[in-house]
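As a plain string of letters, each chain reads:
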Amino acid sequence: MATVKKSKKKVIVPICIVLVIAIIVGVIFGISKANGGEQVSLYTIATDDIYETVSLTGEVTSGTKKEYKVGSVATVKEVFVKVGDKVNKGDVLATFNLDSLNSEIASLRESYNESLTGYNDAVKVQKEAQIKADELASKIADTEELVAELENAPETTTTPTTKAPTTRVTTEPTTKAPTKAPTKAPTSAPVTDPITEPSTDSGAEPTLPSVTRPDIGSISDALAELNKTLVQISDNLDTIAEMTKVITEAITMCIENGVFDSDVIAQAVADAMAQAMRDGIIDAATILVESDLAVRMVQTAVESIDFEGIAAVLINSNNVSLTAAELQLAAQQAQYTIYSAQADTTLVNAQKKSLNATKKALDVLEQQKKEMENGWVAAFDGTITQVDVSADSQTNMLSTGITLENLDSMAVTVSLSEYDLHKVKVGMTAKITTAYGVYDGEVATIAPTATGGSTTSILDSVGSMAGISGLSSLTASGAGVECVVTIPKTDENITVGFDADVEIETGEYLGVVAVPIESLKLEKSGSYVYLYNEGEGTVTKTLIETGAVSDSVYEVKSGLKAGDKIVSAPAGDYTEETFKVKVVTK
């Protein structure tokens, strides 16, 4: 394929012509500037009458409309109407077999009753736990005071014996979590006798072995862990109380028999719990996990308690009362943590939400049944415009069953943008224009909230600046507030479903200072004009406050007065706030 070579000369010639023209224009512009500044034409501010309107486009609908819908699945027995039929108020439109709906209502009512029981139980648990938490708070304060007194009291040394001193750590009532301290010192404990036999040849006095006091904090943590385990196993306070009682008795029996090995005690507790479940002492129906798992969870928690360390300290301590009080305080604090958690209203609130949701669903179905048990009945005189049900079929929750409309009165539904919403009021008059005529209308309703797009249409902003209202109603992206404009007098030329133009008269402003739309410069910071100073031959960019607007002028509320002169059509490339001008007459 042959290559055609372009002439460089042919390309250069047009470029040169453009450059020459640009140079000539620049020279002329420079001369114009030098001879008198920017050339402008002026407009003299005067008063005017403004008839403000909001212009929109919407869809023609019937003035009165009712959609018969099914919120659940039901069987249609008979349908007595078809599209186009005219019916009178009270006429039966369709009848139904409600067996499946009754079954659904019964099932939902059972769920509601369960939710109600759950809510009441949660309230009971919360109140009982709050009472117990308050009781424990008082006991904790007393125990803390006792610990402080014992810590400050002078230590008394007791002469050790071959038998461990009997000491008992007070436990909470059986409805509370068990303490980890032994309830009774063993009479035949397999713990090394604290007496050190003196050497036969030394004559030395017997001495106590060095024993480290147990970490009360770690004991408290172990007790709290056991209590948390019980709460994980059941949320029923009575069941927790029974488990606590079984655990406490098993631990006490071991200690009284001289057993302090944590693993052995944990196994004894596990056996006792399993037996209590088999005997029905612990209600298995209130256990939230498998019985075997519940037993293992408790066994693991008990294994973490250092019974040997506790016993050794109690036997060897110079201040047994202080140690016992500290253990008692640890147990109380662990229990208080659990009851405080149960006293929290979170569970009650969750149960309340579940109850309300179930009740609402039940009310909806019962209302559906009420509407359907005698069949769908015409609520007013009108025309059937839609039928989506047929005899012996199942209703569809996603579609409308039957639509009844009164076509003797009609309306146009439009969408108000956020710029127009504050202007339009119920009762304002309107003009509705269709392809075949113009009709009088009136604003009947304005929705309380916006629907549609998630963001405001760009056309709204452009339209507002240009004095054009309601552009968002022409787009699917702009959110808007639904407004219904009724058409009291109609004829055969206006048809439901077609579009119509609506012009709502929003205000009448007579004899107000006005400025032409084309004289304004609209910026984010406000509306501006270029005000002429005849004495200096300059114009200055001036901020004004606008009010009502028509299709050609804005009301000026401040910044200008009648008789002022402004640039009639300012250019978009002004770079100075104030500059010299040369006035020309168009």
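Below is a summary of the structure that appears in this document. (Residues numbered from 1 in each chain as written. Predicted model: local features only at pLDDT ≥ 70, side-chain atom pairs only at ≥ 80, totals over all residues. Heavy atoms only, no water.)

## Description of the pairing of strand β12 (residues 480-487)
The line we're drawing: Remark: exposure states derive from per-residue accessible area (1.4 Å probe, protein chains only) relative to the maximum for the residue type, with buried under 20%, exposed over 50%, and partly exposed in between. Secondary structure elements follow DSSP: runs of H or I of four or more residues count as helices, runs of E of two or more count as strands, with numbering from the N terminus. By definition, two strands form a pair when at least two bridges between them are found by DSSP.
Most of β12 sits out of view: six of its eight residues are buried. Note: strand β9 (residues 400-416) against β12, seven bridges, orientation antiparallel. Within β12, the position partnered with serine 415 by the bridge is glutamate 482. By the bridge criterion, six bridges tie strand β11 (residues 437-451) to β12 in an arrangement that is antiparallel. What sits directly across from threonine 445, in β12, is valine 484.

## Quick word on the pattern of salt bridges
This is how it is decided: We define a salt bridge as a contact between a side-chain nitrogen of Lys or Arg and a carboxyl oxygen of Asp or Glu at a distance within 4 Å.
Evaluated as defined, the whole model comprises nine salt bridges. Ionic pairing is found between lysine 69 and glutamate 67, a salt bridge with its closest N-O pair at 3.5 Å. Glutamate 67 gets classed as partly exposed once you look at its relative accessible area, which sits at 36%. Across the pair lysine 561 and aspartate 564 runs a salt bridge, and its minimum N-O distance is 3.2 Å. On the accessibility criterion, lysine 561 (53% relative accessible area) is exposed. We classify aspartate 564 as buried; its relative accessible area is 14%.

## A few points about the sheet that holds strand β4 (residues 75-79)
Pairing is antiparallel across the open sheet formed by three strands, whose spatial order is β4-β6-β7. Across the chains shown, the open sheet's two edge strands, defined by having one partner strand only, are β4 and β7 (376-377). Summarising the sheet, β4 and strand β6 (residues 92-97) pair through four bridges and their orientation is antiparallel. Pairing of valine 79 across the sheet is with alanine 94, part of β6.

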